[in-house]
Amino acid sequence: MDKPVCLISGVGPGTGSALTRQFAAGGYRVAMLARDGSRLAELEQEISGTKGYVCDVVDETLVNDTVAAVQAEMGPPSILIHNAVGGTFGDFMEIDPADLKRNFEINTMGFLYLARACTPDMIEGGAGVIMASGNTSALRGKPNFAGFAPTKAAQRILAESMARTLGPKGIHVAYIVIDAVIDLPWTRKMMPEASDDYFIQPAAIAKTAYEVAHQDRSGWSFNVELRPFGEVW
């Protein structure tokens, strides 16, 4: 119980797992949240100092109960990373409005629930870090991202509002914009002709997140953008 605790939502096979490995290697005990209990169990065996919690972040009561369990079993998180994501592709006439609502619940409301559950201990201690993993959709709305971009833009603005509230209390809030396609089996399958340089590596995202989480308070970042060297932007 002498090591600090990092809570990460949306621990899947890509960025979430990479974040878990990075923070565990950096001396943290990591509370992993996801809907897939079997994957969490595998990661518990693979990565020392981790514990999985099955949680759907759209359920406020479940989020509060899960954070309470983390606090009781591992200690209060000093770092919160909201990596859970819901996405839908299609223009505004093609998408199912219910999908937009669901994505908003995951991306924005889930972030709100987790932050509200974790910040009281951070405020009491006068320190802490809160981050969300975003993407280019948080900055612009392209035609086929009508079911996704509005929710990520709202997530970024929520993070900015939180940063202005919590910064003076010693809590660093940051938003990581991933302007890239993450290297995952399904993205490789979707883009078989793309070169290795086209993708961003989950480990690279995790490394930057770790660095941002440990910035000196005299030089905190809020908007942090990541993209492969060949990305057109």
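For the structure itself, look to the data block above.
Residues numbered from 1 in each chain as written. Predicted model: local features only at pLDDT ≥ 70, side-chain atom pairs only at ≥ 80, totals over all residues. Heavy atoms only, no water.

Engineer: Looking at this structure, how should I read the pattern of salt bridges?
Structural biologist: Between side chains of opposite charge, pairing is possible as soon as their charged atoms come close. Using the criterion set out here, one finds 10 salt bridges in the structure. Two residues, Glu 46 and Arg 21, come together in a salt bridge whose shortest N-O distance is 2.8 Å. Pair noted here: Glu 46 is in helix α2 (residues 37–46) and Arg 21 is in helix α1 (residues 15–25), with a separation of 25 residues, a long-range link. Taking the shortest distance from any N to any O, the salt bridge between Asp 56 and Arg 102 comes out at 3.3 Å. In this pair, Asp 56 is assigned in the loop between β3 (50–54) and α3 (60–73) and Arg 102 in helix α4 (residues 97–125), connecting sequence segments 46 residues apart. The structure contains a network of salt bridges with shared partners spanning Arg 156, Glu 160 and Arg 164. (Salt bridge = Lys/Arg side-chain N within 4 Å of Asp/Glu carboxyl O. Helix = DSSP H or I, 4+ residues; strand = E, 2+ residues; numbered from the N terminus.)

Engineer: Can you walk me through the environment of Val 232 in this structure?
Structural biologist: By the element assignment, Val 232 lies in the segment after β9 (223–226). Val 232 sits in the exposed class, given a relative accessible area of 71%. Distance from Val 232 to Asp 179, taken between C-alpha atoms, is 9.5 Å for residues 53 residues apart in sequence. (Buried < 20%, exposed > 50% of the residue type's maximum accessible area, 1.4 Å probe, protein only.)

Engineer: How should the sheet that holds strand β2 (residues 29–34) be read in this particular structure?
Structural biologist: Two orientations exist for strands paired in a sheet by backbone hydrogen bonds: parallel and antiparallel. Taken in spatial order, the 7 strands line up as β3-β2-β1-β4-β5-β6-β9 in an open sheet, and their pairing is parallel. Each end of this open sheet is capped by a strand with a single partner; those strands are β3 and β9. Strand-to-strand twist in this sheet, taken as the mean axis angle between neighbours without regard to direction, amounts to 20°. Note that strand β5 (residues 128–135) and strand β6 (residues 171–178) share 8 bridges and pair parallel. Paired with Ser 133 across the two strands is Ile 176, which belongs to β6. Packed on one face of the sheet, α1 meets β1 (5–9), β2, β3, β4 (77–82) and β5 and runs near 165° to β2. Helix-sheet contacts for α4 involve β1, β2, β4, β5 and β6, and the interaxial angle to β4 is about 175°. (Pairing = 2+ DSSP bridges. Axes fitted to C-alpha atoms, helices over the stretch in contact; angles between N-to-C directions. Contact = heavy atoms within 4.5 Å.)

Engineer: Would you mind showing me how to read the pairing of β3 here?
Structural biologist: Strand residues, when the strand is regular, have side chains that alternate between the two faces of the sheet. Strand direction decides the pairing type here: β2 and β3, joined by 5 bridges, are parallel. In the strand pairing of β3, Ala 31 is matched with Lys 51. As a crossover connection, the stretch from β2 through α2 into β3 is right-handed. (Right-handed = clockwise from strand over helix to strand, strands pointing away.)

Engineer: Would you mind going over α3 with me for this structure?
Structural biologist: Given 3.6 residues per helical turn, the α-helix brings residues three or four places apart onto the same face. Here α3 spans 20 Å end to end across 14 residues, near enough to the 20 Å set by a 1.5 Å rise per residue. Among the residues of α3, Val 63, Thr 66, Val 67 and Val 70 are the ones counted as buried. Summarising the axial view, the buried residues of α3 lie within an arc of 95°, below the 170-degree limit, and thus occupy one face. Exposed side chains of α3 directed beyond 90 degrees from the buried face belong to Thr 61 and Ala 72. Contacts from the buried residues of α3 go to β1, β2, β3, β4 and α4. Capping of α3 at its N-terminal end is provided by Asp 59; its side-chain oxygen lies 3.1 Å from the backbone amide nitrogen of Thr 61. With its phi angle positive at about 115°, Gly 75 sits one or two positions after the end of α3. (Expected span 1.5 Å × (residues − 1). Arc of directions from axis to C-beta. Polar contact = N/O pair within 3.5 Å; in protein donor to acceptor, adjacent residues only side chain to side chain.)

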